[in-house]
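# Descriptive structure summary
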Amino acid sequence: MQASNQTSELTSQEWHSLSEQEVANRLGSSEESGLTNDLANQRLEKFGPNELTGKKAKPLWLKFLLQFNQPLILILLVAGAVKAFLEEWPNAWVIWGVTIINAMIGFLQEWKAEGAIAALSKSVTTEATLIRDGNKRRISSTELVPGDLVLLNSGDKVPADLRLIHVRNLQIDESGLTGESVPVEKNSEILSTETALAERINMAYAGGLVTFGQARGLVVATGNNTETGKISQLIDQRTNLTTPLTRKFDKFSKVWMILVLGLGALTVAVAFHNAYNNEASETFRNVQPSIASALEAAIALIVSAIPEGLPAVVTVTLAVGVNRMARRHAIVRKLPAVETLGGATIICSDKTGTLTENQMTVQEIHAGGQKYYVTGQGYAPEGEISLNNSAVDFEQNPILLECLRAGLLCNDSHLEEKEGNLVVVGDPTEGALIVAANKAGLTQNAIAEELPKRDVIPFESEFQYMATLHETPDGPTIYVKGSVEALLKRCTQIFDSQGEVIPLDADALHQEVEIMAEQGLRVLAFAKKSLSSGQQNIDRPDIDEGLIFMGLQGMIDPPRPEAIAAVAACQNAGIQVKMITGDHATTAAAIARRMGMEKNGRVQAFTGTQIGEMDDQTLANNLEDSVVFARVAPEQKLRLVEALQARGEIVAMTGDGVNDAPALKQADVGIAMGGAGTEVAKESADIILTDDNFASIEAAVEEGRTVYSNLVKAISFILPVNLGESMTVLLSVLLGRALPIEALQILWLNMINSITMTVPLSFEPKSPTVMEKSPRNPSESLLSGDRIKRIAIIAIYNWIVIFGMFEWSLRTYPGPGEFALARTIAVQSLVSGRIFYLLSISQLLPNLIAKMKGTLNSKVGASAIVAGIIGAIVLQILFSQVPLLNRIFETAPLNATQWLICLAAGLPMIPVALLVNRLDPPN
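These numbers were taken from a predicted model, which means no experiment stands behind them. (Residues numbered from 1 in each chain as written. Predicted model: local features only at pLDDT ≥ 70, side-chain atom pairs only at ≥ 80, totals over all residues. Heavy atoms only, no water.)

### Let's talk about the confidence of the model for the chain
When pLDDT is averaged across the chain, the result is 82; 85% of the residues are at 70 or more. Mean pLDDT across the secondary structure elements of the chain bottoms out at helix H1 (residues 2-9), with 42, and peaks at helix H32 (residues 896-906), with 96. Throughout residues 231-243 the model reports pLDDT below 50, and contacts reaching past four residues in sequence, or to other chains, amount to 23 contacts. Residue range residues 279-289 is modelled with pLDDT below 50. Its contacts to residues more than four positions away, or to other chains, number 15 contacts. (pLDDT = per-residue confidence, 0-100. Helix = DSSP H or I, 4+ residues; strand = E, 2+ residues; numbered from the N terminus. Contact = heavy atoms within 4.5 Å.)

### Comments concerning the pattern of salt bridges
Any two side chains of opposite charge can pair, so long as their charged atoms come close to each other. Summed over the entire model, instances satisfying the criterion amount to 23 salt bridges. The closest approach of N and O atoms between Arg216 and Glu32, which form a salt bridge, is 3.9 Å. Note that Arg216 is positioned in strand S7 (residues 209-221) and Glu32 in the loop between helix H2 (20-27) and helix H3 (37-47), a separation of 184 residues in sequence. As a salt-bridge pair, Arg454 and Glu471 come within 4.0 Å of each other at their nearest N and O atoms. One end of the pair, Arg454, is in strand S16 (residues 453-460); the other, Glu471, is in strand S17 (residues 465-472), and 17 residues separate them in sequence. Accessibility expressed as a relative area gives 41% for Arg454, which makes it partly exposed. Via salt bridges that share partners, Arg328, Glu702, Glu703 and Lys766 belong to a single interconnected network. (Salt bridge = Lys/Arg side-chain N within 4 Å of Asp/Glu carboxyl O. Buried < 20%, exposed > 50% of the residue type's maximum accessible area, 1.4 Å probe, protein only.)

### Digging into the sheet that holds strand S26 (residues 651-655)
Spatially, the 8 strands line up as an open sheet ordered S8-S28-S27-S26-S9-S23-S25-S24, and their pairing is mixed. Strands with a single pairing partner mark the edges of an open sheet, and in this sheet they are strand S8 (330-332) and strand S24 (604-607). The sheet shows a mean angle of 20° between the axes of neighbouring strands, direction not considered. Strand contacts of helix H21 (residues 616-623): strand S23 (576-581), S24 and strand S25 (626-630), with the helix running at about 125° to S25, the strand carrying the most contacts. (Pairing = 2+ DSSP bridges. Axes fitted to C-alpha atoms, helices over the stretch in contact; angles between N-to-C directions.)

### Focus on the packing of aromatic side chains
This model, assessed by the stated rule, comprises 10 aromatic pairs. Three or more aromatic residues joined by ring pairs form one cluster here, namely Trp748, Phe879 and Phe889. Between Arg540 and the ring centre of Phe463, over which it is positioned, the NZ or CZ distance is 3.9 Å. (Phe/Tyr/Trp six-rings, centres within 6.5 Å; stacked < 30°, edge-to-face > 60°. Lys NZ or Arg CZ within 6 Å of the ring centre and 35° of its normal.)

What follows is the structure, encoded as structure tokens:
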């Protein structure tokens, strides 16, 4: 614990001024083996988890009060205050109660949504690679402690403050900490104590992003003791629950507020005029002239015009959509992506692991002028290598063995058993090379002892190769693995079958590569180079020339069956799927053909070189029919996305590497891989796929479209009632007649009844045809022309039902309590019609039909609608039959005959609904 105490005594200003050995000594650690497990556990108890204390959340009471900060809710609060001023306390408390219930629903749903997204975000934890007790391990970054020896590679997020002790071409983006706009080149040299934070190039600070190279570093600070924690430059990761739709609703609310207040003022003026100047007879049953009656009419109109239940329904629908997407392996980091993805017109997808299985298998090897075939599939070691249909004698084929050895040496991955299956820890391609070498009797452990590794140049997309330096019986030797193009331009010679060096025929090799690629094989090239004795490290200039070509290994990563179906579903939905990959163009095209991605009967592929030669207009012209873009550089991916957007396309882009980050940010929806994705890709994305599967993208598109569809249904269901009620109140005032429906009854309809019957629409399953329609126009209004016609027709029907049943009841049941009874019948008749209307726009009836055919679409959606209807019926029975509610809402009990009459009054909604469904189909 002495070393542990020393860590707290040393200030952060000193680490950069100490040598690597001094840092290790003060931390009680080792530059080679790191901390011991026991000491690491002790420090974890002492220093706590490597976590930053986030910004203090708003207190729950403040979150609740903010739910009232909505224009339409504020109007209701004022309306309640007016009722209280008139000493109509029951009415005031009911109006206030409605606003409180609305606030509670919004508060609970927001709290639930934020909690769900926070939990999902935590499930995508940042991991760190480190060495403890001399063993390489990968752990959660929260378990890091001062003194840990951390390994950094391209794409990693720096998990804690590190003193770098071994650096190779390391560059780190520290813009979040220092404001430096470009990545900083790092080294391990000692600096002076006074060196400014932004100039401490031998330090890596928590939150930085490794954009290039690799390094080792000792942890010197964790959690709030890091520089990022000290200066509070954490990126605010609060969940933003606003989306384009909710912003449209906010705008709608403000415009609607002005309209409501204007109509309210008009109603007051007309009511005053009628109250003092109208000498209408008793036949018209005018209310007693008074200020109270004028205000009552105005409040009734205001309450009727405000869709009180709509905010709650919107919140519930979005929350349901997010949770559904999470269940289908898509974590939404930025909620606007829910809607945007539903409107995507093009999906640009990576190939490996997204469209394919990510279980590569070597099937062909070309070495020494011979073609060898490999049997077996996946990462299981079963299989053999054959030549001319006979098992290979490796002693007679030394260059084949050397080519397999190179695949084992130029390798950062390994296989391990999980749940009874062998899986690759690292790159699937390297896993395939390991398995192929295993089939020849070569193993990683044996080769590591026989040919010790001295240095490595990691793979970078810019250079397209990886190189390792090994000590061999023939002296220091570089083994290189990479793309055919990258290695051929560095080679002039090749080994024959017996290991003799002969001139290289590049054209012949290219022909072999084309033949392999046409079969869908991914082709990697291998070469070697001997160095002078004693050389212990290598750099890129050592690789630029003098390599001797050894051979090719061709492997395939078969398409996922579910991805093939998902691509077909996207194409059927009018969404183009384009493949952007680092693979050889013919390899990618072969996979695209197997997945059914042909356009006009063919797969047109362009390489990065070809794209670089195109001007913007030529590129734009070629985008329509192109399917595959191969060997593209990062800036070309970005250019492709921008060109597609310039054509008016809504682009979803998948990616997993550092080089994908610019395109992910530029795309309308960036989708990162949760498993294989780098931290840079995940932080640039809007959505993270937890299973790295293209089928999850198609599923997320379905959910995005369903969310939008369900919101439109909710609007189409709620607004006709508000409009019908407003028409009823306004015309009653203009005609100087008694109101057919009172303010509190309107509140009951708009809040209790509407929410009970509309919330189930949030749980509506996807329509069977949701992926058969073309993507919606991004500029499409929530209230299209046909939708406005739908709302107007249903509103007129509602107005006729309310007015007609009210007048009919007054004439049929005259006497004491006639107004209460007439209003009750009007309300129940309206709800009866609403039930039939709900059935017409929901999936319940199609589901029942599908169930009879044995193809039920969704039990959950059907049960939600049934529960909503049953709940509405029960509440309406209470509304008219319970004495307490009769007194509060001024309703009257109905007998069986009157209930049947109300039901019959709702039946004409069936043909009306059929009419509007033809004008504006609900699904």
